[in-house]
Amino acid sequence: MATPYRIAVLAGDGIGPEITAVALEVLRAIAPRFNLEFEFVPALVGGAAIDAVGEPLPAATLKTCRQSDAVLLAAIGGTQWDNLPRHLRPETGLLALRAGLGLFANLRPAKIFPQLIHASSLKPEVIAGVDLMVVRELTGGIYFGQPRGIFTTETGEQRGVNTMAYTAGEIDRIGRVAFEIARKRQGKLCSVDKANVLEVSQLWRDRLSALSIEYPDVALTHLYVDNAAMQLVRAPKQFDTIVTANLFGDILSDIAAMLTGSIGMLPSASLGESGPGLFEPVHGSAPDIAGQDKANPLAMVLSAAMMLRYGLNQPAAAQAIEEAITAVLDRGYRTADLMAEGCTLVGCREMGDLLIKELSP
Ligand code: NAD
């Protein structure tokens, strides 16, 4: 019997609806092959929700998401909503959704497709074969620690304060996610911290080391964050899975992403303790090309593949989608953002059709 999954689908704004249509077609195409069944439940978020019901994250949307096995989100935002008060902006809806689902682990893979190697600003020999994952803690650390604020000292000088703090429980929680992910990948986990200077990092390092006893099949190493930034650009192939705190992960995941050189190819996932994960491309709503059939749907399709692998534990189906993307790129088809000499230019819809053809028996 097929496994039925309920998927909340948040197409959002700009190119969101176009790339979502492709991702859903791809999921429908692979379902029978892997004995899966999907129920797609559309819900409003971002500017689309503001226009329809006056707020960027309607309660009904959060409820739909909480009652689903996974949430697939395209992108939100656009200039027409930029002048609204902050609590009514599309971005506020996205932040509220992440908070409402308790998503504390952010997964950002950076994988080089050999066909796109020249899109990177690094030398091909440095990046060929890169396939890494940054696991970033998302709800703690310096972005949330107290005290915070701009205070006035006794001498009347202003003083800005933020606090980087993690409890052992918060570290263990993200640590376990990272070990489990490393286990599904190449079994190598690099924990990044600044334990030579920061006590919070010393605790981070101690907890990761203690956890590693439970994961004898995963090789744990530690790097200081300054060295990690350098190594990511110098020799990125050495990394498999990286786990790090909120601030360090914010920076390192952007460095890792840019190794690939193409924003239209980058998926991401955010996971909570229980309940559905959120799967979305890294890019925004690209209003400059919205409605023109020019968007690259592959980051969205790769997000759907991440949903299958990390949200629904269907790695074979995820792999089939990734292989279809590789095959279509191998045959020289490119959307405008990836276009290169000797390749064939296709639009968003045609890229979808090519993937479906590739996936059809
Ligand atoms: P963007 O990622 O939307 O676009 C940056 C550039 O990349 C644009 O030239 C765009 O055309 C191009 N691009 C992005 N995705 C593409 C794709 N799939 N195919 C082809 N080209 C693509 O970033 P921006 O222009 O800074 O922001 C536009 C809107 O998106 C803003 O309202 C911003 O707030 C929002 N945004 C949303 C998210 C999100 O939903 N998670 C993330 C970033 C930005």
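Trainee: What's the story with helix H8 (residues 225–234) in this structure? I'm lost.
Mentor: Two residues of an α-helix separated by three or four positions point the same way, owing to the 3.6 residues in each turn. If you check which residues of H8 are buried, you get Val225, Ala228, Gln231 and Leu232. The arc that holds every buried residue of H8, seen down its axis, measures 115°, which confines them to one face. Turned more than 90 degrees away from the buried face of H8 sit Met230 and Arg234, all of them exposed. Along its buried surface, H8 packs onto strand E5 (131–137), strand E8 (188–193), strand E9 (219–224), strand E10 (241–244) and helix H9 (246–260).

Trainee: Would you explain the domain arrangement of the chain in this entry?
Mentor: The parts lose accessible area when they come together, and the size of an interface is often stated as this lost area. Per the domain assignment, the segments making up the chain are domain 1 (1–101 + 275–361) and domain 2 (109–265). Of note, the centres of domain 1 and domain 2, computed from C-alpha atoms alone, are 25 Å apart. Summed over both sides, the interface of domain 1 with domain 2 buries roughly 1300 Å², with 70% coming from carbon and sulfur. Ranking the residues of domain 1 by area buried against domain 2 places Tyr310, Leu329 and Leu338 at the top, with a combined share of 34%. Linking domain 1 with domain 2 are 0 salt bridges, by the criterion used here. At the junction of domain 1 and domain 2, the tally comes to 5 residue pairs in polar contact (both at pLDDT 80 or more). Those elements giving two or more residues to the side of domain 1 that touches domain 2 turn out to be helix H10 (298–311) and helix H11 (315–330). Per-element accounting of the side of domain 1 that touches domain 2 gives the leading share, 6 residues, to H10.

Trainee: Help me out: how do you make sense of the environment of Lys194 in this one?
Mentor: Topologically, Lys194 is positioned in the loop between E8 and helix H7 (199–211). Sequence-wise, Lys194 and Val225 are 31 residues apart; in three dimensions their C-alpha atoms are separated by 5.9 Å. Here Lys194 is in contact with Ser201, Tyr224, Val225, Asp226 and Phe248, once residues within four sequence places are set aside.

Trainee: Which parts of the structure should I look at to understand the environment of Leu338?
Mentor: Mapping Leu338 onto the fold places it in the loop between strand E13 (333–334) and strand E14 (344–345). The class for Leu338 is buried, based on a relative accessible area of 8%. C-alpha separation for the pair Leu338 and Ser262, spaced 76 residues apart in sequence, amounts to 7.3 Å. Ignoring any residue separated from it by four or fewer positions in sequence, one finds Leu338 in contact with Leu116, Ser262, Met265 and Asn296.

Trainee: When you look at the packing of aromatic side chains in this model, what are you seeing that I'm missing?
Mentor: We describe a pair of aromatic rings using the distance from one ring centre to the other and the angle between the two ring planes. A complete count under the given rule lists 4 aromatic pairs for this structure. Their ring planes at 5° and their centres at 4.6 Å tell us that Phe179 and Tyr215 sit as a pair that is stacked. Remark: Tyr215 occurs in the loop between H7 and E9 and Phe179 occurs in helix H6 (residues 168–184); sequence separation between them is 36 residues. By way of ring pairs, the aromatic residues Tyr5, Phe38 and Phe40 are connected into one cluster. Over the face of the ring belonging to Phe113 we find Lys111, whose NZ or CZ atom lies 5.8 Å from the ring centre.

Trainee: Which parts of the structure should I look at to understand the pattern of salt bridges?
Mentor: Where charged atoms from two side chains of opposite charge approach closely, those side chains can pair. Under the counting rule described, the total for this entry stands at 17 salt bridges. With a shortest N-O distance of 3.8 Å, Glu91 and Arg89 are connected by a salt bridge. The buried category is assigned to Arg89, whose relative accessible area is 18%.

Trainee: Help me understand the sheet that holds strand E1 (residues 3–12) in this model?
Mentor: Think of a sheet as strands paired side by side through backbone hydrogen bonds, with each pair either parallel or antiparallel. If you trace the 10 strands from one edge of the open sheet to the other, you get E2-E1-E3-E12-E11-E4-E5-E10-E8-E9, paired in mixed fashion. Each of the sheet's edge strands pairs with one partner strand only, and the pair in question is strand E2 (36–42) and E9. With strand direction ignored, the average angle separating the axes of adjacent strands in the sheet is 25°. Note that strand E4 (residues 103–111) and strand E11 (residues 267–272) share 4 bridges and pair antiparallel. Pairing of Ala105 across the sheet is with Leu271, part of E11. In the packing of helix H4 (residues 90–100) onto the sheet, the strands contacted are E1, strand E3 (70–75), E4 and strand E12 (277–281), and the crossing angle to E12 comes to about 145°.

Trainee: I'm lost on the site of the ligand in this one. Help?
Mentor: Not every one of the 20 residues close to the ligand is listed here, only the nearest: Glu91, Gly284, Ala286, Asp288 and Asn296. In the environment of the ligand, an oxygen atom lies 3.0 Å from a nitrogen or oxygen atom belonging to the backbone of Ile76. Between the ligand and Gly284 there is a distance of 2.7 Å, counted from an oxygen atom to a backbone nitrogen or oxygen. For the ligand, whose unbound accessible area comes to 800 Å², protein coverage reaches 68%.

Rules used throughout
Residues numbered from 1 in each chain as written. Predicted model: local features only at pLDDT ≥ 70, side-chain atom pairs only at ≥ 80, totals over all residues. Heavy atoms only, no water. Buried < 20%, exposed > 50% of the residue type's maximum accessible area, 1.4 Å probe, protein only. Helix = DSSP H or I, 4+ residues; strand = E, 2+ residues; numbered from the N terminus. Arc of directions from axis to C-beta. Contact = heavy atoms within 4.5 Å. Domains from an automatic or database assignment. Buried area = accessible area lost by both parts, 1.4 Å probe. Salt bridge = Lys/Arg side-chain N within 4 Å of Asp/Glu carboxyl O. Polar contact = N/O pair within 3.5 Å; in protein donor to acceptor, adjacent residues only side chain to side chain. Phe/Tyr/Trp six-rings, centres within 6.5 Å; stacked < 30°, edge-to-face > 60°. Lys NZ or Arg CZ within 6 Å of the ring centre and 35° of its normal. Pairing = 2+ DSSP bridges. Axes fitted to C-alpha atoms, helices over the stretch in contact; angles between N-to-C directions. Near = heavy atom within 4 Å. Areas by Shrake-Rupley, 256 points an atom, 1.4 Å probe, with all protein chains shown as cover.

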